[in-house]
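These are the residues of each chain, in order.
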Amino acid sequence: MTAHLKFDKPDARNRLDDMAQGVIGAPLDRSEGALKVTGRAVYAAEQARSLHGAAHAAPAYGVLVRATIPKGRVLSLGREAVLAMPGVRAVLADACFLRNPAQGTAGKAPVQGPEEVAYYGQPIALVVADSFEQARDGAQRLVVRYAEEAGALDPEAVTPELPEKKQSAQGDLDRAMREAAFSIDVSYTTPSMAAAAMEPHCVIASWTGDELLCHGSYQMPNYNAPELADSLGIPAEKVRIVSPYVGGGFGSKLGIGPEAVAAAFAARELGCTVSVALSRPQEFETITRRSETRQRVRLAADAEGRLTGLGHEALVSNLPGESFSEPVAQATHFTYAAAHRQIVHRIARVNLTPAGSVRAPGEAVGVLVFEAAMDELAEAAGIDPVELRLRNIPEADPETGKPFSSNMLAEALRDGAQRFGWQARQPAGTRREGEWLVGMGMASAVRVNMLGEAKARVTLSPEGTALVETNMTDIGTGTYTILTQIAAELLGLPMQAVTTHLGDSALPDGPGSGGSWGAASTGSAVALACEAIRARIAGLMGCDEEELTLKDGRAICGNVTRPLPELLTEALQEEGHLEPGEAEEAVRNATFGAHFAEVAVNAVTGEVRLRRMEGTFACGRILNAKTARSQCLGGMTFGIGMALMEEMIHDARDGHIVNHDLAEYHVPTNADVPQLEVHFLDERDAYGGTLQAKGIGELGICGAGGAIVNAIYNACGVRVRDMPVTLDKVLEGLIAQSID
Ligand code: MOS
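Residues numbered from 1 in each chain as written. Predicted model: local features only at pLDDT ≥ 70, side-chain atom pairs only at ≥ 80, totals over all residues. Heavy atoms only, no water.

A.B. asks: Explanation requested: the nonpolar core in the structure shown.
C.D. replies: Inside soluble globular proteins, nonpolar side chains tend to come together where they are buried. Within the largest apolar cluster, 95 residues are counted, with the highest numbers of intra-cluster contacts made by L299, V599, V601, M613, F617, I708 and I712. Counting residues per element, this core draws most heavily on helix α9 (residues 363-381), which supplies 12 residues. A454, L460, A529 and I537 belong to the second-largest nonpolar core, a separate cluster that totals 56 residues. (Core = buried A, V, L, I, M, F, W, Y, C linked by side-chain atoms within 4.5 Å. Buried < 20%, exposed > 50% of the residue type's maximum accessible area, 1.4 Å probe, protein only. Helix = DSSP H or I, 4+ residues; strand = E, 2+ residues; numbered from the N terminus.)

If you want it as structure tokens, here you go:
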């Protein structure tokens, strides 16, 4: 049976609050945590060992060959010399190979045809050998002849496109700027960034007849299976993708990657299992990056600091033909009120690594910059930065007039300020401890929230254990744990009586992990299935579902209590199906929060050390206080990276990535991350599916870097508008100050 809900109306029943098991919201450890920390969780690349024991032939290993020009055509591959090398079985290139990885939720083949080169690092061929080392050697020695063309490598040097759907304007911003009591007009830049997931992409492909099985590391098997099938020209039902554990994705594993198509093609050609894993440099070169941005922010305010006008213009880049375009101003549409508004979005077509979704696409860089600009306005107007934000929170979406599904930005700002001790903040450049200048900064956190279509199957056995199944993934976020909690709560079972299976495209379609929508969407599907099972149990008990209490494996109705094994004669199986509907269109749905940071800036070297950080977030119902907190800790840590160190550098001559490994592409390490505090506001959002929950994976990122950048200004009076704020840029400002 299917319990289908088209989400046309908000759901304010708050059913989980009526339950008795008491596990929902609890800070429970991850259910798969022990497997991961003891090495028993088998990741994609490790399947080579477990799948192919003594009875099976060892897999062949494929290594991708990457283009070494930014634009042109492949004329020839020096196959013979490589085929003569020891262990090499094949040098393959086929029109089905991917030129670009698929974008998130594409569900169809991305740009193919590797003989045409669109960026340096693009996969063009696959060398397959008996061992990984032999394949890598062959790939490195393959001589490729190209007809090279001039590529566009500088986003600033080409005439950008202005996609119509991404422009918006109300009123007359220019006039608002002219008539403002206080105004600022500033430009910021943010560099390209890498997702830098810990586990590299890997696929092990094998065929049984015309059926393809791929063990891979992907965020969205429900979309990835049809993407892979479409790339190979076979029906989607012939492809099964299995991704039970994903060692981080951050957007880089949303869409099918070149490793999957190459491995599947090679396995078919050679009639054996083929494993293709990306090296760390390939993780940078052949997988989507976050676009660099140039952003101009204009703010006009009256004498009390009420915004009369705001403008946000962005220039981003991507390859020709790619539809994704970093949605920089996504949150600007609704974060603050102002009658006169203008949003401009430009995209430059360049021959650089494909751009795509990376960790809170849009807001990660858009909110960072907009909140830094708000700090500049606060300084110009002489208004406390928290107060400035409080004065500009809109009653409803300022562009459409739609109400917010819920908006606790004001509460988050007040809560965070109080917990952080914001009142102790001093004027810029006035607090010094030895050679360290100390400052505080803050920023609002905002991220759009959405639901995705989700299905999940729940089976309650007559023994009183339950199985939850969906092809949703757990990319380190805690999906296994929260889905288990939801089923345990609604079915009144202890956690250990519930098993959750994820990440297999053969299971009912979840929406995948992306856009922070996994928990609320898949969780709703699980809840719908559980409610249907509850109704059947109520029927057996002879009472209404609302009167039924399920706790510790017992059904309770009035003064009748019966253990489930006594009550059930057969398994009860239901499928929950949540389909987004009109409820989504009726409101502006977003998550909100506030970041506070304290930094010390070395007055001699310009070095910035983050001292402490506090985030308060409102994300609807919190399903697990521990995994939710971990999500925000991770998000805030990304903010540290964006503010202080992350920067992908393309060589201006050919577009190759200069710093394509984690030794030179810097992300925060333990020593860079001080004490982070996370606090959640109690919230139920009736528009957040049947759980009243909202997305949490990305909110912690949004604005986090802004709070740090603003703290640097407060510490030393230097405003760096070119991310990341490295010591050379701070030092330049400190020197300029001392000359003034
Ligand atoms: Mo996210 S960047 O949608 O994985």
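A.B. asks: Mind showing me how you'd approach the packing of aromatic side chains here?
C.D. replies: Describing an aromatic ring pair means giving the distance of the ring centres and the angle of the ring planes. As enumerated under the stated definition, the model contains 12 aromatic pairs in all. Here the aromatic rings of Y43 and Y245 are separated by 5.8 Å at their centres, their planes lie at 45°, and the arrangement is tilted. Highlighted residues: Y43 in the loop between α1 (33-37) and α2 (47-51) and Y245 in the loop between β12 (239-242) and α7 (258-270), separated in sequence by 202 residues. One exposure class covers both Y43 and Y245, and it is buried. The interplanar angle of 40° and the centroid separation of 6.0 Å between the aromatic rings of Y245 and Y480 together place this pair among those described as tilted. With Y245 in the loop between β12 and α7 and Y480 in helix α12 (residues 479-491), the pair connects residues that are 235 residues apart, well separated along the chain. A relative accessible area of 13% means that Y245 is categorised as buried. For Y480, a relative accessible area of 8% gives the class buried. Taken together through their ring pairs, the aromatic side chains of Y43, Y245 and Y480 make up a single cluster. Of note, R359 hangs over the ring of F638, and the distance from its end group to the ring centre comes to 4.3 Å. We note R612 situated over the ring of F420; from NZ or CZ to the ring centre the distance is 3.9 Å. (Phe/Tyr/Trp six-rings, centres within 6.5 Å; stacked < 30°, edge-to-face > 60°. Lys NZ or Arg CZ within 6 Å of the ring centre and 35° of its normal.)

A.B. asks: For this particular structure, what's the right way to read the sheet that holds strand β19 (residues 454-460)?
C.D. replies: Each strand in a sheet pairs with another by means of backbone hydrogen bonds, the pair being arranged parallel or else antiparallel. Taken in spatial order, the five strands line up as β1-β25-β19-β20-β21 in an open sheet, and their pairing is mixed. Across the chains shown, the open sheet's two edge strands, defined by having one partner strand only, are β1 (2-7) and β21 (498-501). Each adjacent strand pair in this sheet contributes to an overall mean axis angle of 15°, direction not counted. Summarising the sheet, β19 and strand β25 (residues 572-580) pair through seven bridges and their orientation is antiparallel. For L460, the partnering residue across the bridge sits in β25 and is L572. Contacts between α12 and the sheet are confined to β19, β20 (466-469) and β21, with β21 contributing the most and set at about 140° to the helix. (Pairing = 2+ DSSP bridges. Axes fitted to C-alpha atoms, helices over the stretch in contact; angles between N-to-C directions. Contact = heavy atoms within 4.5 Å.)

A.B. asks: Got a minute to help me understand the sheet that holds strand β16 (residues 340-349) in this structure?
C.D. replies: On the basis of which strands lie adjacent, the open sheet formed by five strands has the order β8-β16-β15-β14-β9 and mixed pairing. Two strands bound the open sheet, and with one partner strand each, they are β8 (168-170) and β9 (182-190). Within the sheet, the average angular offset between the axes of one strand and its neighbour, ignoring direction, is 10°. Direction of pairing for β8 relative to β16: antiparallel, over a ladder of three bridges.

A.B. asks: Can you walk me through the packing of helix α6 (residues 221-232) against α7 in this structure?
C.D. replies: Two measures define how a pair of helices packs: the angle their axes make with one another and the distance between the axes. The N-to-C vectors of α6 and α7 enclose an angle of 55°; their axes lie 10 Å apart at closest approach. Classified by the interaxial angle, the pair formed by α6 and α7 is oblique. The way α6 lies across α7 gives a crossing that is right-handed. Counted together, L228, S231 and L232 of α6 and A260, V261, A264, F265 and R268 of α7 form the full contact between these two elements. In the contact of α6 with α7, the residues fall into six nonpolar, one polar and one charged. (Parallel < 35°, antiparallel > 145°, perpendicular 65-115°, else oblique. Left-handed = near helix turned anticlockwise from the far one by under 90°. Nonpolar A, V, L, I, M, F, W, Y, C, P; charged D, E, K, R; others polar.)

A.B. asks: Looking at this structure, how should I read the pattern of salt bridges?
C.D. replies: Should the charged atoms of two oppositely charged side chains come close, the side chains can pair. Going through the model one piece at a time under the given rule, you end up with 57 salt bridges. Its salt-bridge partner being R457, residue E469 comes within 3.0 Å of it at the nearest N-O pair. One end of the pair, E469, is in strand β20; the other, R457, is in strand β19, with 12 residues separating them in the sequence. We classify E469 as buried; its relative accessible area is 12%. (Salt bridge = Lys/Arg side-chain N within 4 Å of Asp/Glu carboxyl O.)

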